[in-house]
Amino acid sequence: MGGRSRPGQVLPESVWSRADKDVVGTSLGHSRLWFSLGQGLLNEVFYPRVDIPQIRDLNFVVSDGKGFWIDLRQNASYNLEEVEPGIPALIYRHHHPRFTLTLRVCPDPVRDAILIDYNLASREALELFFVLAPRAGNTDQNQVGSVFWRGLHQVIGAQQGPFGLALAGCHDGRDALSRLQVGILGQSDAWRDLEAHHTLTHETPQAGPGVLTLAGALTSQGTLAIGFSSSMSAASTLARSSLTEHFEKPWQHFLDSWRAWKADLDILKDAGPEFCPTLARSLLVLKVHQDRSFPGAMVASLSTPWGESSVTSGGYHLVWPRDLVESAMAFLILGQPGEAHRVLSYLIATQQPDGHWFQNQWLGGRPFWQGIQLDEAAFPILLVGFLRSAGALGSIDVAQMVRRAVTFILKNGPSTDQDRWEEDAGINPFTLAVVIAALVEGADHLDSKEADFVLAVADEWNASIEEWCYVRDTELARKHGVDGYYPRIAPRDALRNRSALNQRLLIHNRADNDSPPAADQVALDFLQLVRYGLRSAKDPRIQSSVQIADALLSSPTPSGTVWHRYNGDGYGEHPDGRSFDGNGIGRGWPLLVGERGHYALAAGEDPLPYLKAMAAMTGRGGLIPEQIWDQSALPEAGLEPGKPSRSAMPLVWAHAEFVKLLASRIRGTVIDQPSATRKRYGGKIPARRYVGWSFSIQRETMIRGYPVRIFLQAPATVHYGLGGWEKPTDVATRDSGLGLHYVDLPTESLTTGQQVVFTFRWSNGRWEGRDFSIGIAPDG
């Protein structure tokens, strides 16, 4: 149910359109499936979870039994009629000189089943068949299928282990199915029968284990129901139950539910006619990607990048904490705090004991990839802050979640094992902005002593941003006439010595292994420093970085200017249109158009051109893709400049970005800037209390006039000397209560060229066995 829904109001089960293949997806109580009605029903279907029965495709075939037959996957002549803008209810009409096939699809409002109403209109006596390719479970390799009776009605189904599906049909209370057959692909499948005889010639009640086809003949009109459950028998009960009422009832329920949800969204009234269609589609995409079995969970996309050539079981049907929080913020901006509240509850439930979240996971919380991305430990804290600022945090207990996440950030930051593009380790401006903001927002949920400790760390990291990841007087800077810029990411060693920025930084998706130095790689990630209030849009360093990024990363297209992730990116199609296969050429991301638009707004510009570009970069159905094609047209590959490439579509994060940019323009300010962070920094570099050192930040030099604060993850005695070991001193660390032990060394009086040397004796009496030192760098 929606966050502000009325008692008894049932909000929409989700059906939507993927425009590049006219894919429509349906979110059911315990399953979510895709189907393509433009090229055959349920064609190239992918799921956001593996613990449910699935369908690979459901296709329709029309034949006269005499030599003419057509697989509707090959029929390009079809229309999609949108019943009402912003509601994922579509009517599909396949047109042929000899017939018209009309299809309507909706979920059963109370059962795990999908309903398909069909009507074949022709002046001839034509036959209609279905061919269903099941995928019960996470693979289609070991399924068994059967034709069986459910009461007085025939049903066909498949199962594998504890997963099953079943298809039933009716017309005027009678069976719509006949001549049912189960076949094994490549041996006895229905396609062989149809190709050889243009009809189904035999009935086969059982087959498997193997890759199956389920097929049969249909009446010229009727309703199909596909049920999903723990076995094909249980699924058949759901399918048959769904057919006891006329299709019009669930169809109308579906429409009414979406209308009721849309009625609560005030932004639709303020968007204006130019952006209302894209906004309505964005709201639809956000709502559709919610899960009902695990409230608060949302997958990144109901698609797989380059799915036609991918064999991954994951795709984007996974939960990324970053994408999830970005979407939750969009719901909050839309006036749907209940949706964001459920996301927070889900995140609390799936947080790991040490405070982080998996890189991505299945809906139930089982990990898929297990990399560590520090911003994904920070985003949930920001969601707490946004809910609190909106007065919508309610009674949910966030203290332990925030404490554990803050502790993880303190112990592992400021560098990350992976940046937000899941590629390189180091100091990334986007990640830094997010984690610093999270520390500031999280401090409100700690006691005063702990909060002061955390805020001091946030200030020190903030004051160190340019020291760690800003470069000057490089060849790129001189070429573009600027003093310097923020590179994409600084290697971890840059925390110790800035010369590490001159080392080659691996680009993982390039076949040529052409990886330039870190200082020569540029991205838009630094814009998050402005968006979250750590730097001003007018800061000269930000402005020079924008100049460099625009020059290196932007590409004009017929839809508007688009930006790339970073120079040298290989995550995209090859120049000839071949799918990404581990390498390629990175294409433009509409998401980054939105980020660039937020910067423009912060700089006092109207973000209208960026909104127009994002809206123009959509596919036929108004969906925002992950990437767009930015070369000359390749008609044979279906690639048009300024339009979606064959990577994922939609990208939910991109739709959330469009919603936020539009709302920000309406309100005249960047709408998702964390409030406590904005108040603390206001775009200015803070005064630092100390210079920090830890095993993660092994500085070799520092500016004069500050103490050194040493952070350790276990209690110890620090043995140190100022200017050398002539007069060593011992001092015990203090416990912060947040996983770190610390001590301040009185280095304020040291002058240029002097140094502090130190080592540690741990609480068990063991000496560290090596010395460390920090020298005072020359002024300037």
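Residues numbered from 1 in each chain as written. Predicted model: local features only at pLDDT ≥ 70, side-chain atom pairs only at ≥ 80, totals over all residues. Heavy atoms only, no water.

Enquirer: Residues and numbers for the sheet that holds strand β23 (residues 691–693), please.
Expert: Note on sheets: strands pair through backbone hydrogen bonds, and any given pair is parallel or antiparallel. Spatially, four strands are ordered β23-β25-β29-β28 in an open sheet, and the strand pairing comes out mixed. Two strands close off the open sheet at either side, each with one partner strand: β23 and β28 (734–735). Bridge analysis of β28 against strand β29 (residues 741–745) gives two bridges, and the strand direction is antiparallel. Residue R734 lies in a different strand from β29, and its bridge partner there is Y742. In this fold helix α11 (residues 448–463) packs onto β23, β25 (708–712) and β29, with an angle of close to 115° to the strand it touches most, β25. (Pairing = 2+ DSSP bridges. Helix = DSSP H or I, 4+ residues; strand = E, 2+ residues; numbered from the N terminus. Contact = heavy atoms within 4.5 Å. Axes fitted to C-alpha atoms, helices over the stretch in contact; angles between N-to-C directions.)

Enquirer: An account of the state of the cysteines is requested, with residue identities and associated values reported.
Expert: Taken as a whole and assessed by the stated rule, the structure comprises zero disulfides. With no disulfide partner, C106 has as its closest neighbouring cysteine sulfur the one in C170, 13 Å distant. What makes C106 buried here is its relative accessible area of 0%. Note on C170: relative accessible area 13%, which makes it buried. (Disulfide = S-S within 2.5 Å. Buried < 20%, exposed > 50% of the residue type's maximum accessible area, 1.4 Å probe, protein only.)

Enquirer: Which residues make up the environment of A437, and what values go with them?
Expert: Examined against the element boundaries, A437 turns out to sit in helix α10 (residues 429–443). Distance from A437 to T733, taken between C-alpha atoms, is 27 Å for residues 296 residues apart in sequence. Other than its neighbours up to four places away in sequence, A437 contacts L382, Y532, P674 and T677.

Enquirer: So, unusual backbone geometry: which residues are in play, and what are the values?
Expert: Note the cis peptide between G208 and P209, where omega equals 10°. Along the chain, P209 falls in strand β16 (residues 206–210). Going from M649 to P650, the amide bond is cis rather than trans, its omega being 0°. Tracing the backbone through its elements, the reader meets P650 in the loop between α17 (608–616) and α18 (652–667). Residues other than glycine seldom take positive phi values, yet R179 does so here, at roughly 50°. With respect to the helices and strands, R179 occurs in strand β15 (residues 177–184). The backbone of H198 shows a phi angle near 60°, a positive value even though the residue is not glycine.

Enquirer: Account for the confidence of the model for the protein chain, naming residues and giving values.
Expert: Per-residue pLDDT for the protein chain has a mean of 89; in total, 92% of the residues score no lower than 70. Confidence drops under pLDDT 50 across residues 1–52; counting only partners more than four residues distant or on other chains, this segment forms 235 contacts. (pLDDT = per-residue confidence, 0-100.)

Enquirer: Give a description of the side chain of D193 that names residues and reports values.
Expert: Following the sequence through the fold, D193 ends up in helix α1 (residues 190–197). For the buried D193, no salt bridge is present, and the opposite-charge side chain at shortest range is R179, 8.0 Å distant. Within polar-contact distance, the side chain of D193 engages the side chain of H202 at 3.3 Å. When near neighbours in sequence (up to four residues on either side) are disregarded, D193 contacts Q181, H198, T199, L200, T201 and H202. (Lys, Arg positive; Asp, Glu negative; His and termini not counted. Salt bridge = Lys/Arg side-chain N within 4 Å of Asp/Glu carboxyl O. Polar contact = N/O pair within 3.5 Å; in protein donor to acceptor, adjacent residues only side chain to side chain.)

Enquirer: Would you mind going over the sheet that holds strand β27 (residues 729–732) in detail, with residue names and values included?
Expert: The strand order across the open sheet formed by five strands is β24-β31-β30-β26-β27, and the pairing between neighbours is mixed. Only two strands of the sheet have a single neighbouring strand rather than two, namely β24 (701–702) and β27. In this structure, β24 lies alongside strand β31 (residues 772–776), joined through two bridges in parallel fashion. Bridging from a neighbouring strand, T701 pairs with G775 of β31.

Enquirer: Tell me about the pairing of strand β18 (residues 221–229), and please be specific about residues and values.
Expert: Where burial is concerned, most of β18 is hidden: seven out of the nine residues are buried. One ladder, built from seven bridges, connects strand β9 (residues 113–121) with β18; its direction is antiparallel. By the bridge assignment, I114 is partnered in β18 with I226. With seven bridges connecting them, strand β13 (residues 163–171) and β18 associate as antiparallel partners.

Enquirer: Give me α1: which residues, what numbers.
Expert: Among the residues making up α1, those that are buried are A190, W191, D193 and L194. Seen along its axis, α1 keeps its buried residues to an arc of 160°; they face one direction. More than 90 degrees from the buried face of α1, the exposed residues found are E195 and A196. A positive phi of about 60° marks H198, the residue just after α1. (Arc of directions from axis to C-beta.)

Enquirer: Pulling in residues and values, what's your account of the packing of helix α9 (residues 399–412) against α10?
Expert: It is at 10 Å that the axes of α9 and α10 come closest, and there the two elements cross at 140°. By the criterion of interaxial angle, the relationship of α9 to α10 is oblique. Seen from above, α9 lies across α10 with left-handed handedness. On the side of α9, the interface is formed by V402, V406, I409 and L410, while α10 contributes V435, A438, L439 and G442. (Parallel < 35°, antiparallel > 145°, perpendicular 65-115°, else oblique. Left-handed = near helix turned anticlockwise from the far one by under 90°.)

Enquirer: Provide a residue-level description of the packing of aromatic side chains, including the pertinent values.
Expert: Any two aromatic rings considered together are summarised by their centre-to-centre distance and by the angle between their planes. Per the counting criterion, the structure on display carries 29 aromatic pairs. Between W306 and F580, the aromatic rings sit 5.4 Å apart at their centres with planes inclined by 40°, giving tilted as the arrangement. Separated by 274 residues along the polypeptide, W306 in the loop between α5 (276–288) and α6 (321–333) and F580 in the loop between β22 (562–563) and α16 (590–602) bring together distant segments of the chain. With relative accessibility at 3%, the residue W306 sits in the buried group. (Phe/Tyr/Trp six-rings, centres within 6.5 Å; stacked < 30°, edge-to-face > 60°.)

Enquirer: Could you give an account of the layout of surface pockets, with specific residues and numbers?
Expert: Estimated volume of the largest pocket: approximately 720 Å³. What lines the largest pocket is a set of 31 residues, and nearest its centre among them are P305, Y316, W369, E422 and Y571. The residue inventory of the lining of the largest pocket, partitioned by class, reads 14 nonpolar, nine polar and eight charged. By volume, the second largest pocket is sized at about 620 Å³. Around the second largest pocket sit 21 residues that line it, and E467, R498, T701, I703 and A777 are the ones nearest its centre. Of the residues assigned to the lining of the second largest pocket, the class counts are ten nonpolar, four polar and seven charged. (1 Å grid on protein atoms, 1.4 Å probe; cavity = no way out; pocket = protein on both sides within 12 Å on 5 of 7 lines; lining within 4 Å. Points joined across faces, edges and corners; volume = space filled by probe spheres on them. Nonpolar A, V, L, I, M, F, W, Y, C, P; charged D, E, K, R; others polar.)

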